[in-house]
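# Structural features, examined
Here is what each chain is made of, one letter per residue.
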Amino acid sequence: MTDDALELRASDADRERVAEVLRDALAEGRLDMAEFEERLDATYGARTYGELAPITRDLPVGGEGAAPRVPMAEEAGRGDGWAGRVTGREGSSTWAVAVMSGFQRKGRWTVPRRFNSFAFWGGGDIDLREADFADREVVINCVAVMGGMNVIVPPGVEVIVRGIGIMGGFDHREEGVPGDPGAPRVVVTGFAFWGGVGVERKVTRAERQRLKEERRQEKLERRQERDRVRLERRSGRKELDPSRHGLHDPHGENRERERELERERRREN
């Protein structure tokens, strides 16, 4: 990675990929708990690729001896439409856990064919609005115990909910909405006990800003049209006022004669 690339801002998905390498290293005994916590704090506090790269420099990936490279979210070009977002690549993050805490998966990341998440006295957000998808159908498995999770999908994605709730529940409001041609299907499954899993459909922040700008422009155009009509009406009234333009006004002449006759009667009396 060049010096210029190291200065680029890292995304949430980039930080999660590094965090997953650290979790694997902890499970394999390459890191003790103190080292893991120290590096994990540095990972979530990193702002650039240059700050992320040293964290896993001495750790292998998937048992290989090579040090992991921090992947740049923008390296792979995304085509237009859904065809460019169903990539067939491996997921950039496959699981998330929140125990008396929280987690987030959002931004540009690749949703695996199956994503497992667990929350105990905590919560998490799984945001798919800007994500790529490993396959045409992905499964989001949510286990919430006295906690909650929220799955956010973009418009055009078909949603199927198959979770089971005991003194808790899964949100089914987005089921039944047909998906766009070529769009992925998201299956939300799992178990909720004294907790809940919400599913909502939202546009991205950029799309919301675009729609807001369109509404603002339409409102401005309507206001300009109202002002134009108001000016035309005002101009029309001025043109029809004979006193302003010296035009012949028989009604005005009659009124003037009546006033003159009234003055003469008063003088005679």
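Here goes a summary of the coordinates provided. (Residues numbered from 1 in each chain as written. Predicted model: local features only at pLDDT ≥ 70, side-chain atom pairs only at ≥ 80, totals over all residues. Heavy atoms only, no water.)

## A short note on the pattern of salt bridges
Taken as a whole and assessed by the stated rule, the structure comprises 13 salt bridges. One salt bridge connects Glu-16 with Arg-105, and the closest N-O pair in it is separated by 2.9 Å. Here Glu-16 is found in helix α2 (residues 12-27), whereas its partner Arg-105 is found in strand β2 (residues 102-105), with 89 residues between them in sequence. Residue classification places Arg-105 among the buried residues on the basis of a relative accessible area of 3%. In this structure, Arg-185 engages Glu-137 in a salt bridge whose closest nitrogen and oxygen atoms are separated by 2.8 Å. Of this pair, Arg-185 sits in strand β12 (residues 185-193) while Glu-137 sits in strand β7 (residues 137-145), and the two are 48 residues apart along the sequence. Overall, the relative accessible area of 30% leaves Arg-185 in the partly exposed class. Overall, Glu-137 belongs to the partly exposed group, its relative accessible area being 35%. Overlapping salt bridges bring together Glu-16, Arg-23 and Arg-105 as one network. (Salt bridge = Lys/Arg side-chain N within 4 Å of Asp/Glu carboxyl O. Helix = DSSP H or I, 4+ residues; strand = E, 2+ residues; numbered from the N terminus. Buried < 20%, exposed > 50% of the residue type's maximum accessible area, 1.4 Å probe, protein only.)

## Quick notes on the packing of α2 against helix α3 (residues 33-45)
Where α2 contacts α3, the axes come no closer than 10 Å and their chain directions differ by 175°. Considering their axes alone, α2 and α3 lie roughly antiparallel with respect to each other. Residues Arg-15, Glu-16, Val-18, Ala-19, Leu-22, Arg-23 and Leu-26 of α2 form the contact with α3, whose own contacting residues are Met-33, Phe-36, Arg-39, Leu-40, Thr-43 and Tyr-44. Considered class by class, the residues forming the contact of α2 with α3 number eight nonpolar, one polar and four charged. (Axes fitted to C-alpha atoms, helices over the stretch in contact; angles between N-to-C directions. Parallel < 35°, antiparallel > 145°, perpendicular 65-115°, else oblique. Contact = heavy atoms within 4.5 Å. Nonpolar A, V, L, I, M, F, W, Y, C, P; charged D, E, K, R; others polar.)

Fair warning: the whole summary comes from geometry, so function is off the table for now.
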